[in-house]
Every structure is written in C-alpha cells, then in structure tokens.
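Residues per chain, in single letters:
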Amino acid sequence: MMRSPDMACQLDWHLVPTHRIQPDPGKEHKTMVHKVQAVVVKEKNAPVTLETILVPDPGPGEALVDILTCGVCHTDLHYKQGGIGDDFPYLLGHEATGVVSAVGPDVTSVAPGDRVILNWRAVCGECRACAKGQPQYCFNTRNATQKMTLEDGTVLSPALGIGAFAEKTLVAAGQCTKVDPDADAAAVGLLGCGIMAGIGAAINTGEVKRGESVAVIGCGGVGIAAVAGAKLAGATTIIAVDIDDNKIEMAKSLGATHGVNSRQEDAVEAIRALTGGHGADVVIDAVGRPETYKQAFYARDLAGRVVLVGVPTPEMTLELPLLDVFGRGGSLKSSWYGDCLPSRDFPMLVSHYKQGNLDLEAFVSERITIDQVEEAFGKMHEGKVLRSVVEVSPVEI
C-alpha cells in the first residue's frame, strides 16, 4: 500500500532494525533497552510522528511484546486531541495483538512465543471489586512499572497503559491475554478495545437473552459490534439506528434484522413499531449524547434495560422526569470496556470467530503501515472506515 505523501520524508521504518542496546561495562545499568520505531504525538492536536523510542527489558510482573497489529481507535484520536489528559508526549496505540518476546523473572501467566491480545484491564486480584468476585470491574488495574522513553530520555505516556503503535512495547504481564495463534491477527486484535466494548455491552452489560429484542443507536464500530454481540447472544429482533444508510446496511450485514434512519423517522416510534408497540427489551446507546440516551430510555419496553456504551463529553448533562425513571422500571446501566474479563472473553470470542459465528474480519476496513496512522485518523473522523489496522509485523496465517 502506498504511503501518505506527508510521511514520505520520514525514515522508512521497514528498513530500521530493532536494536538491543548493550550496557557499557564501565557503568551501572539496571536493564537493557530496545531501540524501536513508534508513533508518538508530542503536543495537543499536533500531527503524529514516527520516532525512535527506547523500550526496557521486562522487570518483575512485566512482559515485552513484539507487536503484530494495532487498530486505529477513536481513543487514540482523543489522546491526540488532548481529550483524555495532557501528559504529552503520548505513545499511541492500544488495540493490539503481538507475540511475547520476554517476561519478567516472576511471570508465569505468559511465556515467550505466546500469541496475545493486549488489554487494558489487568486485574489486580486485591481491590474491592476483585474481592467481591467481580474482577471485570477491577478498580486497580495494572500497567508496566518501567517507563518507555524517547532517545533523549523524555518519558512517554502509553495510551491506556499499552502504547502499541510500535515494533515493541512493555506492558504488565496481566495485560497479555493468550489466544489461539491460528487466527488473523488484524481481526482478533480488535477485541482489545472497541469491538469488545460493543459486544460486551450486549452480552455482558445488557445480558441479552435468546429471543429478546435489541435496538442499537449509533452504528459506528462499537455500535455494529453491539449488533454482532446481540446476534451472538440469540436476539431475534435487532434494530440498527443511525443517520447514515451505509452504516445501517453494514449493521444489517452483521446481524441487524431491521434498520431505522433517525434522520428520516422518529427513532423511538420506529423501534416501538418493530417490537409490537412495546419497545425493545434492551436498547444500547453507542453514541453517548443526551438526545440519544433519551431515545434509548423511551424506546425500551417496560422493565427493559438501557445500556450506555457511547462516551459522553464532560460538559454534557441529562434531564429526565424522575417519575418516568421510577414508572418504567427496569435498569439503566453503563458499560465500560464491555464489562469484559479479558481472560474469559477474548479466547471465547476468538473461538466464535474461528467457528464462523462472529465475523471480525468485516470490521477491518483497511490494513496499513505504521507511517499511515495520521491519514487513518482523518478517515476515521470522516466516518469512512470501521477500523484501519496497522500491520507492524505482518505474518502468514
């Protein structure tokens, strides 16, 4: 694939080997480091650049991972725009697969050579949620202790504690979920974030049951993943709602039985009409705006469930009649990372993918090289792709 002209002047990452920097015998060194290429954003709204970074060998509780693929996710764009924090420079990328190349001395959960999906829920096993047997809500998830840096020593902030637009990255061992290596890395890697968020909103948070009706408002990558999750759970009426007919058709190709263009008709009335006048058993808001949440609230059946998986912005507020909240019953839930437990959900969903029950490859709109991330952000912002996937070290499957 041809590269963006804007990146043409940059160093060709394919020709840059991974360097292992040997310690100077005359100096004290705690660890050796690897010199690799990676995508970094240095300040708010600046274009991303391809930089040489230093990645330490793993210490206790850590794993060094050779990255194979990494999806370009909206979260990375939010980091770039300063919407998540101001701890620049950020090492972007988090929706990734890789191969473990080394582990710390006390690590037993993964070993060199393991194919893994990286996750940002490395459960601690000790917090209040874990102690209650709810590790999917872990309040103290773990990241690597050591820092990755630029060559001048500037500390990098890895996106979601991962930083996977890179040839190698350092993570907590618990962030590595071992999966079947006989699967398309670009496809299954999407389970690391957005696709898991959508599928999990249906099967984990929404607890969709066989024969139920489900409406999904917003058919971007997460919303269409929620459609796929509803189908996987056995829902028989699945309604995709969006203002873009192309996205609605994509949702239908992955499991939606009906489509509603909310620019052309009232979404609440349309959902009720498609569910016998009652409303859906589960309505998933994959947009995260007050307007769409109200649609979800009133489009559900009495005692139905609303799931919010779209992420609101800080200034947004919601006003609902408290009597309606009481009188309609049911539950109003938020879904963070699809309420997933990676060690449970990733291998299960990879199995469904291999059995033909879950078409993860349909979410891969294009496969790109590491120097095309800035261009991919533009396509994503314009709604032209479900996912662009960076192939860092392409492999034959």
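Structure's up top.
Novice: Give me the overall build of the protein chain: which residues, what numbers.
Specialist: For the protein chain, the count of helices and strands is 11 helices and 19 strands. Relative to a compact globule of 397 residues, whose C-alpha radius of gyration would be 21 Å, the protein chain shows 22 Å and is just as compact. The principal-axis extents of the C-alpha atoms in the protein chain amount to approximately 80 × 50 × 45 Å. For the protein chain, the residues scored as buried account for 53% of the 397 residues in total. Pairs at least 24 apart in sequence give 69% of the contacts found in the protein chain among residues at least 6 apart. When the accessible surface of the protein chain is summed, it comes to about 17500 Å², and 51% of that surface belongs to carbon and sulfur atoms.

Novice: Report on the packing of aromatic side chains, specifying residues and quantitative values.
Specialist: Enumeration according to the criterion identifies five aromatic pairs in this entry. For the pair phenylalanine 88 and tyrosine 90, a centre-to-centre distance of 4.8 Å together with 70 degrees between the ring planes defines the contact as edge-to-face. Under the relative-accessibility criterion, tyrosine 90 is labelled buried at 4%. Put simply, the rings of Tyr79, Phe88 and Tyr90 pair up and form one aromatic cluster.

Novice: How would you summarise the environment of cysteine 193 if you had to cite specific residues and measurements?
Specialist: With respect to the element layout, cysteine 193 can be found in the loop between helix H3 (185-188) and helix H4 (194-205). A relative accessible area of 5% places cysteine 193 in the buried class. Counting along the chain gives 46 residues from cysteine 193 to isoleucine 239, while the straight-line C-alpha distance between them is 23 Å. Those residues in contact with cysteine 193, other than ones at most four positions away along the chain, are Cys73, His94, Glu95, Trp120 and Tyr337.

Novice: Any chance you could break down the pairing of strand S6 (residues 95-103) for me, citing the residues and the numbers?
Specialist: With eight bridges joining them, strand S4 (residues 62-71) and S6 adopt antiparallel strand pairing. Each residue of the ladder has a partner; that of isoleucine 67, found in S6, is glycine 98. The pairing of S6 with strand S7 (residues 115-118) spans three bridges and is classified as antiparallel. Residue pairing for S7: valine 99 is matched across the bridge by arginine 115.

Novice: Summarise the packing of H4 against helix H10 (residues 342-354); cite the residues concerned and give the values.
Specialist: Pairs of packed helices are described in terms of their axes, by the angle between the two and the distance that separates them. Running from N to C, H4 and H10 point in directions that differ by 100 degrees, and their axes come no closer than 12 Å. Taken together, H4 and H10 sit at an angle that is classed as roughly perpendicular. For the pair H4 and H10, contact is made by Met196, Ile199, Ile203 and Asn204 and by Arg344, Asp345, Phe346, Met348 and Leu349, respectively. In terms of residue class, the contact of H4 with H10 is built from six nonpolar, one polar and two charged.

Novice: Describe the nonpolar core, listing the residues and the values that go with them.
Specialist: Ranked by size, the top nonpolar core spans 87 residues in total, and within it Leu118, Leu191 and Ile284 carry the most contacts. At seven residues, helix H5 (residues 221-233) tops the list of elements feeding residues into this core. Those residues in contact with isoleucine 284 that sit more than four places away from it in its chain are Ala201, Ala202, Val214, Ala215, Val216, Ile217, Ala226, Val307 and Val309. Core analysis: the next-biggest nonpolar cluster, separate from the first, contains 16 residues, Ala215, Ala267, Ile271 and Ala299 among them.

Novice: Outline the sheet that holds strand S15 (residues 280-285), listing residues and values.
Specialist: Where strands meet in a sheet, backbone hydrogen bonds hold them as pairs that are either parallel or antiparallel. Strand order in the open sheet formed by six strands is S14-S13-S12-S15-S16-S17, with parallel pairing between adjacent strands. Among the strands making up the open sheet, the edge pair consists of strand S14 (258-261) and strand S17 (331-334). Between one strand axis and the next, the sheet turns by 20 degrees as a mean value, whatever way the strands run. For strand S12 (residues 213-217) and strand S13 (residues 237-242), the ladder comprises five bridges, and the chain directions are parallel. Residue pairing across strands places valine 216 opposite alanine 240, the latter belonging to S13.

Novice: Run through helix H11 (residues 373-381), naming residues and quoting values.
Specialist: Residues of H11 that are buried: Val373, Ala376, Phe377 and Met380. For H11, the arc enclosing every buried residue in end-on projection is 105 degrees, short of the 170-degree limit, so these residues lie on one face. Considering only its buried residues, H11 is in contact with strand S2 (33-41), helix H1 (74-80), strand S18 (366-368) and strand S19 (388-391). In the segment just after H11, glycine 383 is the residue with positive phi, at about 75 degrees.

Novice: Summarise unusual backbone geometry; cite the residues concerned and give the values.
Specialist: Of note, the bond from phenylalanine 88 into proline 89 is cis; its omega dihedral lies within 30 degrees of zero at 0 degrees. Despite not being glycine, asparagine 45 has its phi angle at roughly 65 degrees, a positive value. Residue asparagine 45 is classed as partly exposed on the basis of its relative accessible area of 46%. Its identity is not glycine, yet tyrosine 337 carries a phi of approximately 60 degrees, on the positive side. With respect to the element layout, tyrosine 337 can be found in the loop between S17 and H10.

Calculation rules
- Residues numbered from 1 in each chain as written.
- Predicted model: local features only at pLDDT ≥ 70, side-chain atom pairs only at ≥ 80, totals over all residues.
- Heavy atoms only, no water.
- Helix = DSSP H or I, 4+ residues; strand = E, 2+ residues; numbered from the N terminus.
- Rg over C-alpha atoms; globule rule 2.2 N^0.38 Å.
- Buried < 20%, exposed > 50% of the residue type's maximum accessible area, 1.4 Å probe, protein only.
- Contact = heavy atoms within 4.5 Å.
- Areas by Shrake-Rupley, 256 points an atom, 1.4 Å probe, with all protein chains shown as cover.
- Phe/Tyr/Trp six-rings, centres within 6.5 Å; stacked < 30°, edge-to-face > 60°.
- Pairing = 2+ DSSP bridges.
- Axes fitted to C-alpha atoms, helices over the stretch in contact; angles between N-to-C directions.
- Parallel < 35°, antiparallel > 145°, perpendicular 65-115°, else oblique.
- Nonpolar A, V, L, I, M, F, W, Y, C, P; charged D, E, K, R; others polar.
- Core = buried A, V, L, I, M, F, W, Y, C linked by side-chain atoms within 4.5 Å.
- Arc of directions from axis to C-beta.

As far as function goes, none of this settles anything; it's purely spatial.
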